[in-house]
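# Topology and contacts: notes
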Amino acid sequence: PPQPPKVRFNDYQIDGFESDIGSRVTLWVVSDYSCTRLLTKHAARAAGTRVLVAIPYRNKGRNDYHRKRRQLAAELEQKLPQLAARLDLDYIPALVGRDLVQRYRFGLLWPSSGLLTIWHLICQRTSFRASHERTGVSDGGGRKNTSSHAGHGGG
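Overview of the structure. These figures come from a predicted structure and were not determined experimentally. Sequence order as written defines residue numbering, which begins from 1 separately in each chain. Per-residue local features are limited, in this predicted model, to residues with pLDDT of at least 70; the limit for side-chain atom pairs, both in listing and counting, is 80 or more; totals at the level of whole chains, interfaces and linings are taken over all residues. The side-chain values count all of the structure's non-hydrogen atoms but skip hydrogen atoms and water molecules.

### A few points about helix H6 (residues 94–103)
Throughout this description, buried means an accessible area under 20% of the type-specific maximum (1.4 Å probe, protein chains only), exposed means over 50%, and partly exposed covers the range between. The helix count covers DSSP runs of H or I at least four residues long, the strand count covers runs of E at least two residues long, and both are numbered beginning at the N terminus. For H6, the full list of buried residues reads Ala94, Val96, Gly97, Asp99, Leu100 and Val101. Arg105 lies just past H6 and shows a positive phi near 50°.

As structure tokens, then:
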């Protein structure tokens, strides 16, 4: 049977804890704030792991996501050009953050990278199911959600 994914966050530590948490890493999640610093600090770890960056959809009331994403990509290319070319790096989409913040009325607060990642993975799984099951997916309340945007504001 396939092993479940192992998601690790920010400056995670495995050394000395392998017997409790294992040593496998499927996905390494970092915030935009710590991304460049952590990729520099753990370049060997980064080169062999899928990296997912959590960027706030909104910062201090204004939508900064796309500007911050461009800025971070340029910073990685400038400071870590060899690593940047080999990285399996992706970003949690802006719409995922927007949906979470609006759906659960965060106001001007921003959810943690962990919460944003969990929501992103739930949305990916729901969207995958919705696009691959003609009958739709359950929304958890016994109802079927046949929206093509299941998990992204539908329901």
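Next comes the rest of the account.
### Quick word on the pattern of salt bridges
One speaks of a salt bridge when a side-chain nitrogen belonging to Lys or Arg is within 4 Å of a carboxyl oxygen belonging to Asp or Glu. Considering all chains together, one arrives at four salt bridges under this definition. Asp32 is paired through a salt bridge with Lys68; the nearest N and O atoms lie 3.0 Å apart. Placement of the pair is Asp32 in the loop between strand S2 (27–31) and helix H2 (35–41) and Lys68 in helix H4 (residues 65–79), with a sequence separation of 36 residues. Looking at Asp32, the relative accessible area reads 16%, which means it is buried. In this structure, Asp64 engages Arg67 in a salt bridge whose closest nitrogen and oxygen atoms are separated by 3.0 Å. A relative accessible area of 4% means that Asp64 is categorised as buried. Classification of Arg67 by relative accessible area gives partly exposed; the value is 37%.

None of the figures reported here should be taken as evidence of function without further support.
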